[in-house]
Amino acid sequence: MTSHPEKRSPLPRRAVLGTAIGGAAAVTLPGTAHAVSTEPAVATAPGGPEKAATGARRPWKLRDTMTTDGAWDRFLHGQDLLWSRLPTVWYEGPFLGDGLLGSMIYQEPGANQIRFTVQHGRVQDHRPEFGSGWGTARLPVGHLTLEPVGTITAVDWRLSLWNAELTGTVTTTAGTLTLAALIHDEVLAVRATAAGGERVTWTFHPEEAISPRKIQEAPPAGYTANPPWTTRTTADGTEQVLQPLTGGGQTATSYRRTGDDLLVSVGHSFPSDSAAEADSRRHLRSAVSYSTLRRRHTRWWHAFYRKSFVSFPDQRLQSFHWIQLYKVASASRADGPVMATSGPWLEPTPWPAVWWNLNVQLEYWLIHAFNHPELDSLATTLRQNQEQLTANVPAAYRTDSSGIGRSSDMFANREVGRPGTGAETGDLTWALHNVWLSYRHSMDKSLLRDTIYPLLRRTINYYWHFLTPGSDGKLHLPSTLSPEYPVVPPQDTNYDLALIRWGCQTLLDSAELLGIDDELKPRWQEVLARLTPYPVDGNGFMIGADTPYDQSHRHYSHLLMVYPLYLVNWDQPENRDLITKSVVRWHALTGAHRGYSYTGAASMYAMTGDGDTAIGYLRKFFDPTTRYPCRANTHYTEAGPVIETPLSASQSLHDMFCQSWGGIIRVFPAVPTAWADLTLHDFRTQGAFLVSAVRKAGTTRFIRIRSLAGEPLRLRHGLTGPLTVLLDDGTPARSHDLGDGTLAIDLPRGREVLVHSGSRPDLVIAPVAVSEPGAAWGLP
């Protein structure tokens with residue numbers, strides 16, 4: 001029986017991992033009981049799908065208009081990328097992928113042909129003695145060319161997000177080519193037909209198996225080229241290109257044309273020198289035909305999109321946001337390799353590897369709120385390569401430490417330097433924060449126990465070996481690099497101090513949650529008690545001790561304690577001036593800023609609740625007059641392709657819509673003033689909650705939250721006036737006013753709660769009307 005809310009005891013409180021500063025646990029002070037409305041239940045048909053977990057009839061129910069294929073098709077049709085002229089470079093063209101195989105489509109340079117790149121996320125070299133830039137770099141596979149008879153005069157293409165398929169026509173002086181293309185189960189499938197005087201001619205062009213870093217520098221001394229490829233035709237008419245590798249392993253590309261259909265698959269094996277041949281042929285046999293593969297492909301994508309929904313009134317940004325979800329699902333799946341800087345779409349680049357000092361972290365943030373843990377290949381990579389992460393530290397520390405250097409292959413193979421030498425040492429700890437976010441959004445205790453806890457324990461141990469007491473009695477860290485900043489502090493780099501604090505507090509909280517009486521707990525407590533404060537000056541956070549921030553810096557490595565760790569945050573009034581000064585100073589020194597400088601600032605201002613300033617910074621990323629803007633197909637390039645920045649822009653939007661750091665869900669915390677209407681549905685938050693909320697005319701109409709794990713729920717709702725707080729069986733929820741617009745709600749696992757003020761609004765989930773029209777992405 002639920003007690004009357006005015007007479008019940010205060011709700012139980014539990015620690016929230018990682019919300020402390022300097023080791024002091026976050027504490028929630030008890031508030032006063034919150035009166036709730038007791039609206040009469042509405043009868044429903046007995047035994048129907050609306051039956052609540054308790055068996056009672058559901059008195060309220062969301063009316064979700066996005067439940068049919070037709071509704072999704074119509075909505076996503078409005079977000080599609082379009083082309084009315086032929087893209088000439090990779091960052092203008094359509095892109096396809098399935099987390100492993102990837103293709104970008106654009107004009108063959110200098111030719112009257114259309115290129116379909118064929119690249120694969122597992123294809124890499126295997127000679128670690130030459131480093132990640134050369135010895136274990138991603139390697140090119142090849143590309144197809146579609147070669148028309150006549151001169152290309154126009155294209156009319158659509159990249160359908162709903163079907164994850166490119167369709168359209170190519171008009172030439174001789175006639176028309178009609179094509180459709182998709183990638184599924186490691187097969188690129190293209191259907192092309194000709195009309196008029198046109199004909200369909202395909203050619204596959206293998207590419208030299210050498211690091212794309214060759215555009216920047218010569219190979220290192222002692223490096224020998226991989227052997228040349230060979231070709232063969234199998235008994236069933238399949239063409240194969242076989243690429244052996246000097247360091248062992250093989251890449252095999254198989255392709256077969258049957259009628260209008262062309263099927264291409266890539267296999268890669270290591271250490272086997274032959275397994276790739278069978279793998280690539282097996283994928284082709286499984287695909288059967290374009291139509292067969294398309295049925296499986298669209299079934300996967302249609303189920304994928306239904307897991308969450310968001311709509312807001314800026315057409316171009318809304319479209320961009322959904323394209324990023326398509327992009328990350330095209331680039332990553334949990335059973336595949338961690339994303340490299342270019343995803344599966346390899347192009348000439350100085351960065352043909354996995355970069356661990358910002359790129360990896362930003363790549364994966366958006367999957368959480370979008371409710372797609374099945375895309376988390378980062379957590380998989382760290383779990384599967386724990387032995388390698390141990391081997392990356394100097395031999396003297398391998399008994400208890402782990403780490404990773406700045407860049408690596410997909411197996412995390414890159415040694416990390418020692419503090420005291422100016423080395424970059426914190427990257428694995430930061431990557432583990434991403435995995436911790438995966439845990440917090442799923443509350444999957446096995447992820448905490450088997451991956452985060454053992455690896456974080458070892459990364460903090462590595463720091464421990466170098467922390468030394470100073471004359472002030474504080475623990476100090478000898479010189480380490482703040483990523484991307486050109487000056488190395490003599491000690492106490494803020495990048496590392498923030499990660500050490502977060503790591504120690506998270507280990508203490510995790511040990512308690514897992515029931516582990518860890519012998520290292522006193523050490524972590526000592527670090528939190530004695531670690532030197534963050535170096536600051538009159539401009540805010542410094543790079544490190546005796547090293548002010550006085551050169552333009554594209555990275556926010558010196559501000560991690562603000563974002564994304566939230567150790568120093570806006571809920572601490574005493575830190576607001578410091579946060580503001582630091583962010584203002586960071587952007588006041590211009591020249592080095594890049595796209596992620598703007599997305600990072602947008603997320604920091606979203607934390608402060610300033611949605612207008614946040615969107616102002618985010619729009620700089622889309623301003624073509626900036627030095628490194630978002631490109632026509634929503635990809636991004638500096639000296640080469642870098643996939644993380646557009647993906648982080650989606651996270652900046654998420655930070656405006658809903659935040660859940662510090663154990664509090666904040667609904668619509670920083671929505672720009674111009675966006676009066678906004679809809680969220682099954683937006684996943686920390687604590688494993690699914691949030692649905694609707695904002696109309698600048699006012700939150702209702703919030704519905706479903707608990708997947710039974711974690712404590714604290715909601716900063718943004719509502720005014722008396723609140724109605726109802727469980728899914730129509731009974732008032734036990735709730736407690738914590739002040740500052742925050743409500744604690746007792747919500748058991750598997751149950752839902754509805755929160756609104758005033759009379760009950762229409763509980764409708766639907767797209768909002770566009771108030772800021774914008775052109776489609778692509779080349780419309």
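Attention in this report is confined to the structure presented alongside it. (Residues numbered from 1 in each chain as written. Predicted model: local features only at pLDDT ≥ 70, side-chain atom pairs only at ≥ 80, totals over all residues. Heavy atoms only, no water.)

What to know about the sheet that holds strand β6 (residues 114-120)
Here 5 strands make up an open sheet; going across it, the order is β4-β5-β6-β7-β12 and the pairing antiparallel. The open sheet terminates on both sides in strands that have one partner only, identified here as β4 (95-97) and β12 (202-206). Strand-to-strand twist in this sheet, taken as the mean axis angle between neighbours without regard to direction, amounts to 20°. One ladder, built from 5 bridges, connects strand β5 (residues 101-107) with β6; its direction is antiparallel. Residue pairing in the sheet places Tyr106 in a bridge with Arg115 of β6. (Pairing = 2+ DSSP bridges. Helix = DSSP H or I, 4+ residues; strand = E, 2+ residues; numbered from the N terminus. Axes fitted to C-alpha atoms, helices over the stretch in contact; angles between N-to-C directions.)

Focus on the packing of helix α11 (residues 445-464) against helix α13 (residues 521-530)
Direction vectors running N to C along α11 and α13 enclose 55°, while the axes themselves pass 12 Å from each other. When the axes of α11 and α13 are compared, the pair comes out oblique. The handedness of the crossing between α11 and α13 is left-handed. Contacts between α11 and α13 involve Tyr453, Arg457, Ile460, Asn461 and Trp464 on the former and, on the latter, Arg523, Trp524, Glu526 and Val527. When the residues that make up the contact of α11 with α13 are grouped by side-chain class, the tally is 5 nonpolar, 1 polar and 3 charged. (Parallel < 35°, antiparallel > 145°, perpendicular 65-115°, else oblique. Left-handed = near helix turned anticlockwise from the far one by under 90°. Contact = heavy atoms within 4.5 Å. Nonpolar A, V, L, I, M, F, W, Y, C, P; charged D, E, K, R; others polar.)

Remarks on the packing of aromatic side chains
Applying the stated criterion across every chain yields a total of 44 aromatic pairs. On the basis of an interplanar angle of 70° and a centroid distance of 5.4 Å, the ring pair of Trp301 and Phe304 is categorised as edge-to-face. Residue Trp301 and its partner Phe304 are located together in helix α4 (residues 290-305), separated by 3 residues, close to a single helical turn. The two residues Trp301 and Phe304 agree in class, both being buried. (Phe/Tyr/Trp six-rings, centres within 6.5 Å; stacked < 30°, edge-to-face > 60°. Buried < 20%, exposed > 50% of the residue type's maximum accessible area, 1.4 Å probe, protein only.)

What about the packing of α11 against helix α12 (residues 494-514)?
Two numbers describe how α11 lies on α12: the axes approach to 9 Å, and their chain directions differ by 135°. Overall, the two elements α11 and α12 adopt an arrangement that is oblique. Between α11 and α12 the crossing geometry is left-handed. Contacts between α11 and α12 involve Lys445, Leu448, Arg449, Tyr453, Leu456, Arg457, Ile460 and Tyr463 from the first element and Asp496, Leu499, Ile500, Trp502, Gly503, Cys504, Thr506, Leu507, Ser510, Ala511, Leu513 and Leu514 from the second. Taken together, the residues of the contact of α11 with α12 break down into 13 nonpolar, 3 polar and 4 charged.

Remarks on the environment of Gln243
Along the chain, Gln243 falls in strand β14 (residues 239-244). Once residues lying within four places of it in the same chain are set aside, the contact partners of Gln243 are Ala209, Asn226, Pro227, Pro228, Trp229, Gly249, Gln250 and Thr251. There is a polar contact of 2.6 Å between the side chain of Gln243 and the backbone oxygen of Pro227. (Polar contact = N/O pair within 3.5 Å; in protein donor to acceptor, adjacent residues only side chain to side chain.)

Describing the nonpolar core
By size, the foremost hydrophobic cluster in this structure holds 214 residues, and its most contacted members are Tyr305, Trp322, Leu382, Ile705 and Val753. Top contributing element to this core by residue count: α12, with 11 residues. Non-local contacts of Ile705, meaning those with residues more than four positions away in its chain, are made with Ile665, Phe689, Leu690, Val691, Leu713, Leu715, Leu747, Arg751, Glu752 and Val753. Of all hydrophobic cores here, the second largest spans 9 residues; its members include Leu182, Val187, Leu284 and Leu293. (Core = buried A, V, L, I, M, F, W, Y, C linked by side-chain atoms within 4.5 Å.)

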